[in-house]
Amino acid sequence: MQLKKATVLVLSIAVIFSVVPVSQAASSKKDQGQPTVYLKSNIHGTERYKGSTRTLRASYANYIGEYPNHAFIPVNTPVVITKVKKNGIYMTSAADGTKITFEFNRKNMAGLSSVEFVSYITAPRKTSLKSLSPIDQKGIKDGKAYVGMSKNAVRMALGYPALHRTPSLKENLWTYWKNRFVTGAVEFDAAGRVKSVR
């Protein structure tokens, strides 16, 4: 009788592992115990699918333009940071399982390390959007910069600008990449509101 029960148990375990893909099981195990944090800005990038898994290849340069497969993960999305390397930050969305690969270049971020940059794009709690103006909220929701938006809202909508072209958020001209080869800019007035987007 004991032998029969043991055989049933072994067969049950074998069936479970044949149904769950090994990569999925490994990913889930790896993510366990990691704290959930929240995105402080939209993360723009190129969307792809590997089987049924959605992936987003993002960058410190942001790639905010409208190009094929452009997508963004919204501000306040809960994520689990699975790995931080010298040239990349790897996250998984706790909302839908999207795998995010965020390329990083320390030289173009004024010597900031990828470990330090994590605090620029994530926080332990959600960011409140309630006090923001209607145009700020629209831009964040659309992932775009609109005339009249505040600097804080543009940072949330487009991401933190690369420091080698925008050394400080106090600057009134922020440079972003529309794609890997083309740059764009957001210009602010003296009050810190967007006056032009190009």
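As a reminder, the structure under discussion sits directly above these lines.
Residues numbered from 1 in each chain as written. Predicted model: local features only at pLDDT ≥ 70, side-chain atom pairs only at ≥ 80, totals over all residues. Heavy atoms only, no water.

Participant: Can you lay out the pattern of salt bridges for me, pointing to particular residues and giving the numbers?
Facilitator: With the rule as written, the count across this model stands at 8 salt bridges. A salt bridge links Arg180 to Glu103, with the shortest nitrogen-to-oxygen separation between them at 3.6 Å. Here Arg180, found in the loop between β9 (173-177) and β10 (183-188), pairs with Glu103, found in strand β7 (residues 99-103); they are 77 residues apart in sequence, far enough to count as distant. Within the structure, one salt-bridge network assembled from shared partners comprises Glu47, Arg54 and Asp96. (Salt bridge = Lys/Arg side-chain N within 4 Å of Asp/Glu carboxyl O. Helix = DSSP H or I, 4+ residues; strand = E, 2+ residues; numbered from the N terminus.)

Participant: Before we move on, could you go through the environment of Ala123 and cite the residues and values that matter?
Facilitator: Structurally, Ala123 is set in strand β8 (residues 122-123). Overall, Ala123 belongs to the buried group, its relative accessible area being 16%. In sequence terms Ala123 and Thr36 are 87 residues apart; their C-alpha atoms lie 9.3 Å from each other. (Buried < 20%, exposed > 50% of the residue type's maximum accessible area, 1.4 Å probe, protein only.)

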